[in-house]
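Structure assessment
Chain by chain, the residues:
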Amino acid sequence: MNIQQLKYFLTLAKELHFWNTSAKMNITQSALSRQIQSLESELGVQLFYRDKRNVKLTPAGKFLQEKWGEEINQMQSFHQLARQIHLGESGTIRIAHPDSISSSVLPDFVKKVSAAFPNLNLELVQLTNEAQEDYLKNFKIDLAFSRDINTSTAINEKKLGYENLSFVVQENHQFKTLSDISEETLKEQKFLLTIGDYSSSYNLLVQEVIDSYNIKLDSCIRCEFGSTIISLIRNEVGISILPHSYHLHQNAGIRFIPLPFVTDLYIQWRKDDPNPILKNILELV
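Because the structure is predicted, anything quoted here is derived from the model rather than measured. (Residues numbered from 1 in each chain as written. Predicted model: local features only at pLDDT ≥ 70, side-chain atom pairs only at ≥ 80, totals over all residues. Heavy atoms only, no water.)

Moving on, we come to the packing of aromatic side chains. All told, the structure shown has five aromatic pairs when counted by the stated rule. Ring plane angle 90 degrees and centroid distance 5.3 Å describe the contact between Phe 9 and Trp 68, whose orientation is recorded as edge-to-face. Separated by 59 residues along the polypeptide, Phe 9 in helix α1 (residues 3–15) and Trp 68 in helix α4 (residues 59–87) bring together distant segments of the chain. Trp 68 gets classed as buried once you look at its relative accessible area, which sits at 11%. Site record: aromatic cluster; members linked through ring pairs are Phe 9, Phe 48 and Trp 68. Positioned above the aromatic ring of Phe 139 is the side chain of Arg 270, whose terminal nitrogen or guanidinium carbon lies 4.1 Å from the ring centre. (Phe/Tyr/Trp six-rings, centres within 6.5 Å; stacked < 30°, edge-to-face > 60°. Helix = DSSP H or I, 4+ residues; strand = E, 2+ residues; numbered from the N terminus. Buried < 20%, exposed > 50% of the residue type's maximum accessible area, 1.4 Å probe, protein only. Lys NZ or Arg CZ within 6 Å of the ring centre and 35° of its normal.)

Right under this line is the structure:
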């Protein structure tokens, strides 16, 4: 069994069509078939149900598709990291960031990095807070901006700053200032909140706000990203609690009412990561 055989298997598992797979992998159908048969014989496992018309994964095949897919992705990440180490100041750095800093911290950071390392490729992705730690540990990203305190011994972090949370409402909403907001006036409000691990430091902070106003969340709407929540607020679906930096986005028709609750912002990376590009970027922060 070799890596090329695994790639043949994974492509066929996705395409479920020998002709399409052979064309993509630049191999004849008969050679592809022999490779799959050889793999099945070596493993002693049937990977596909196949006849003249159909190709389907067996339960064992589905299991190996998931596991081998993860292994190949990690292996490719290791290869990419090795290339970055070899190249020094060129290559690709993948950075995850929360939606809220897209118009505040992030543009200045990207501008500074691009000016210092003009040959460096940056890939910016948005992930849930829960996914960021997994992506860091498995070399799927290299840096993460996060509002959650790191609890993993495999990850380093540096605090970059802080900002207030805000009640976010539609422009014509009855809430104009913080003095308009009380336990009584919040009773009839529909809340739009972010999805996440309720034990995370950010979500615990939001829960503090909810508890301080004795808000009863009998029903609410949850979304992964604040920009979606703001669009729903604009359409008078409800109100929310979000970092105040969202006010820098293009938010016509939206009012932000700052709260006396502060959310921190961190940058996080793998501990003892040998990538020299990462070290150079962290010196800019």
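On we go.
Looking now at the sheet that holds strand β9 (residues 239–243). The strand order β4-β3-β5-β10-β6-β9-β7-β8 describes an open sheet built from eight strands, whose pairing is mixed. Single-partner strands in this sheet number two, and they are β4 (120–125) and β8 (220–223). Pairs of neighbouring strands in the sheet enclose a mean axial angle of 25 degrees, with direction left out of account. By the bridge criterion, four bridges tie strand β7 (residues 191–194) to β8 in an arrangement that is parallel. Across the sheet, Leu 192 pairs through a bridge with Ile 221, a residue of β8. Docked against the sheet, helix α6 (residues 129–137) engages β3 (91–96), β5 (143–146), β6 (155–170) and β10 (254–270), running at close to 160 degrees with respect to β5. The sheet strands contacting helix α9 (residues 226–234) are β6, β7, β8, β9 and β10, and the helix crosses β9 at an angle near 145 degrees. (Pairing = 2+ DSSP bridges. Axes fitted to C-alpha atoms, helices over the stretch in contact; angles between N-to-C directions. Contact = heavy atoms within 4.5 Å.)

Read these as geometric descriptors, not functional statements.
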